[in-house]
Amino acid sequence: MSSQRPVRTLDVPHKAIKKICCIGAGYVGGPTCATIALKCPHIDVTIVDLNQARIDAWNSDNLPIYEPGLDEVVKTARNRNLFFSTDVDKAIIEADLIFVSVNTPTKKSGVGKGYAADLGYVESATRHIAKVATSDKIVVEKSTVPCRTAASMRKILEANGKAGLRFDILSNPEFLAEGTAVKDLDAPDRVLIGSLDTASGFAAASSLVDVYANWVPRERVITMNVWSSELSKLAANALLAQRISSINALSAICEATGADVDEVAYAVGLDSRIGPKFLKASVGFGGSCFQKDILNLVYLSESLHLPDVAEYWRQVVAMNESQKRRFTEHIISSLFNTITNKRIAVLGFAFKKDTGDTRESSAITIIKYLRAEQAKVAIYDPKVEESQIWFDLAEPGIVDDVTALKKQVSISSSAYEAAAGADAVVICTEWDEFKDTNLDYEKIYASMNKPAFIFDGRLILNQNKLEKIGFKVECIGRSRLEETFE
Ligand SMILES: NC(=O)c1ccc[n+]([C@@H]2O[C@H](COP(=O)([O-])OP(=O)(O)OC[C@H]3O[C@@H](n4cnc5c(N)ncnc54)[C@H](O)[C@@H]3O)[C@@H](O)[C@H]2O)c1
Ligand SMILES: O=c1ccn([C@@H]2O[C@H](COP(=O)(O)OP(=O)(O)O[C@H]3O[C@H](CO)[C@@H](O)[C@H](O)[C@H]3O)[C@@H](O)[C@H]2O)c(=O)[nH]1
């Protein structure tokens, strides 16, 4: 049984979009609206942010985020019909359609602390629109928000906007993944547009459909009611993260039984109802979205008096935490139950390959555990800036003494430098550079203390090949139990 495509008749008169403003020049606003500008040379796109340094970087040769292919997109459209600016008022005044693409982090205090989304940035951007708009606007939620946020935005706009102006709110959640953002935006699985079921809601949705229709096949642009659209974004992330927690839960069973998690994933993934994607066991999912959005769903469920539903989703995050702990405990027990003063080379600090983003990266938690055991940690990542690593490790609540941190942690400029003199190499991010076809593991082995351990938290290495070199190799979801029946 499969779900059915929602049907909406959008055959209504609607206006053609000529100018777009995007509030928020981050990981989503930047690539998303740069792609719109690239694909729609007839539309002027201005991306605005309060952060001057970020805007300066977007206007420079050194973009503020690393994404394969993004430099080319930005360079082609910038100053043609793509502009980056801190003049938020001007961009709002001139635009027909405004994307709100600001951050929606988990609340750090107050009601819903640790779970609910902090909608302060969305509200402030919405109030800004209401304050300065002098003509009708289509306001689009691009940020990931709890279900029914569109209603709050509408109330704020209607209560504060100038008399006689019309504001239509659309939900248009973003599904790009970091590291593949340009590819995902170029050929999305689907574009989702939610609107109110009113004539003006349909008209606004039609205007946005026309923008995407410049490059996305029409059948991939889905329109639906605004609440379904808002919830679909949280649902997609919850289901994706749940798959990872499920395969990671199975990885623990594999390690204890002699089953191999990659083989299990392959076998189950051939079932067309399950499918092969997102079944790679790992050190746990990271990134700015999965945990935040699931906790948001947990909070929503609790607010709706659905404690069993809340508990169900909470377990997806709990399993993710358990995976990081279990991985580190395995490192400690393998290294003869003590890692005090042992050098551990951590390869990879980003939350996944092909990005410099470290938000909620599993490496941060794993290094915290290693530090608690008094290990000396040497970190290497090909894309993450040194300052970002120090910032993440010295985050309040994780480490408060930067001097102590720097005595225990060093940052290396190559995998070879990190591994020299180490007792163990720990792969935390699946960068291609770390594969045994790209790194000289014989050289690494020669430079390490013996026995030399490798902990593959991403299943990217050829275990047999490395064992032949002399390494003791430990992989997530795999054990070296005897294969004979006993
Ligand atoms: N990062 C992703 O891969 C991804 C993917 C899909 C959806 N999302 C969602 O998109 C939203 C944005 O995420 P992000 O990763 O781009 O965040 P981000 O922190 O990288 O960028 C947000 C930007 O908004 C700016 N901002 C905040 N308030 C503003 C205001 N009032 N006026 C002008 N600028 C303002 C901030 O300065 C910041 O530069 C979040 O809701 C997130 O959940 C993120
Ligand atoms: O089989 C897998 C797939 C992913 N991961 C990890 O899961 C995390 C998230 O990966 P991914 O989903 O590829 O990257 P994100 O950029 O976080 O993208 C997710 O979050 C975005 C923000 O909401 C959504 O737009 C995307 O659709 C959704 O995939 C990373 O740590 C990955 O290493 C695994 O461990 N195993």
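Further remarks concern the overall build of the protein chain. Helix and strand counts for the protein chain come out as 18 helices and 14 strands. Along the three orthogonal principal directions, the C-alpha set of the protein chain runs to about 75 × 50 × 40 Å. A buried classification covers 51% of the 486 residues belonging to the protein chain. Across the protein chain, the fraction of contacts at a sequence separation of at least 24, relative to all contacts at a separation of at least 6, is 77%. Of the roughly 22200 Å² of accessible surface on the protein chain, 53% is carried by carbon and sulfur atoms. Computed over 57 positive and 63 negative side-chain charges, the separation of the two mean positions in the protein chain equals 3 Å.

This brings us to the site of ligand 2. Lining the immediate environment of ligand 2, one finds 21 residues, of which Phe175, Leu176, Ser282, Cys289 and Arg458 sit closest. In isolation ligand 2 exposes 690 Å². Once the protein is present, 90% of that is buried. When residues of the shell around ligand 2 are traced back to their parent elements, those giving at least two are helix H9 (226-257) and helix H11 (290-303). Sorting elements by how many residues they give to the shell around ligand 2 places H9 first, with four residues. The residue makeup of the shell around ligand 2, split by class, is eleven nonpolar, three polar and seven charged.

As a further point, take the packing of H11 against helix H12 (residues 307-334). Contact pair H11 / H12: the axes reach a minimum separation of 8 Å and the direction vectors enclose 155 degrees. By the criterion of interaxial angle, the relationship of H11 to H12 is roughly antiparallel. The crossing of H11 and H12 is left-handed. Here Gln291, Ile294, Leu295, Leu297, Val298, Ser301 and Glu302 of H11 lie close against H12, whose contacting residues are Val309, Ala310, Trp313, Arg314, Val316, Val317 and Glu321.

With that settled, the discussion passes to the pairing of strand E4 (residues 97-100). Side chains Leu97 and Phe99 project from E4 onto one buried face, and the interleaved Ile98 and Val100 project onto a second face that is buried too. Sheet analysis places strand E1 (residues 19-23) next to E4, joined by four bridges and oriented parallel. In the sheet register, Cys21 faces E4, and the bridge partner there is Ile98. Pairing geometry for E4 and strand E5 (residues 137-141), over four bridges, is parallel. Opposite Phe99, over in E5, you have Val140 as the bridge partner. Handedness of the β-α-β unit built from E4, helix H5 (residues 120-132) and E5 comes out right-handed.

With that settled, the discussion passes to the packing of H12 against helix H13 (residues 362-372). Between H12 and H13, the shortest axis-to-axis distance is 10 Å and the interhelical angle comes to 45 degrees. Considering the angle they form, H12 stands oblique to H13. As H12 packs across H13, the resulting crossing turns out to be right-handed. Contacts between H12 and H13 involve Glu321, Lys324, Arg325, Phe327, Thr328 and Ile331 from the first element and Ser362, Thr365, Ile366, Tyr369 and Leu370 from the second. For the contact of H12 with H13, the residue count by class is five nonpolar, three polar and three charged.

How each quantity is defined
Residues numbered from 1 in each chain as written. Chains lettered and ligands numbered in written order. Predicted model: local features only at pLDDT ≥ 70, side-chain atom pairs only at ≥ 80, totals over all residues. Heavy atoms only, no water. Helix = DSSP H or I, 4+ residues; strand = E, 2+ residues; numbered from the N terminus. Buried < 20%, exposed > 50% of the residue type's maximum accessible area, 1.4 Å probe, protein only. Contact = heavy atoms within 4.5 Å. Areas by Shrake-Rupley, 256 points an atom, 1.4 Å probe, with all protein chains shown as cover. Lys, Arg positive; Asp, Glu negative; His and termini not counted. Charge placed at Lys NZ, Arg CZ, Asp CG, Glu CD. Near = heavy atom within 4 Å. Nonpolar A, V, L, I, M, F, W, Y, C, P; charged D, E, K, R; others polar. Axes fitted to C-alpha atoms, helices over the stretch in contact; angles between N-to-C directions. Parallel < 35°, antiparallel > 145°, perpendicular 65-115°, else oblique. Left-handed = near helix turned anticlockwise from the far one by under 90°. Pairing = 2+ DSSP bridges. Right-handed = clockwise from strand over helix to strand, strands pointing away.

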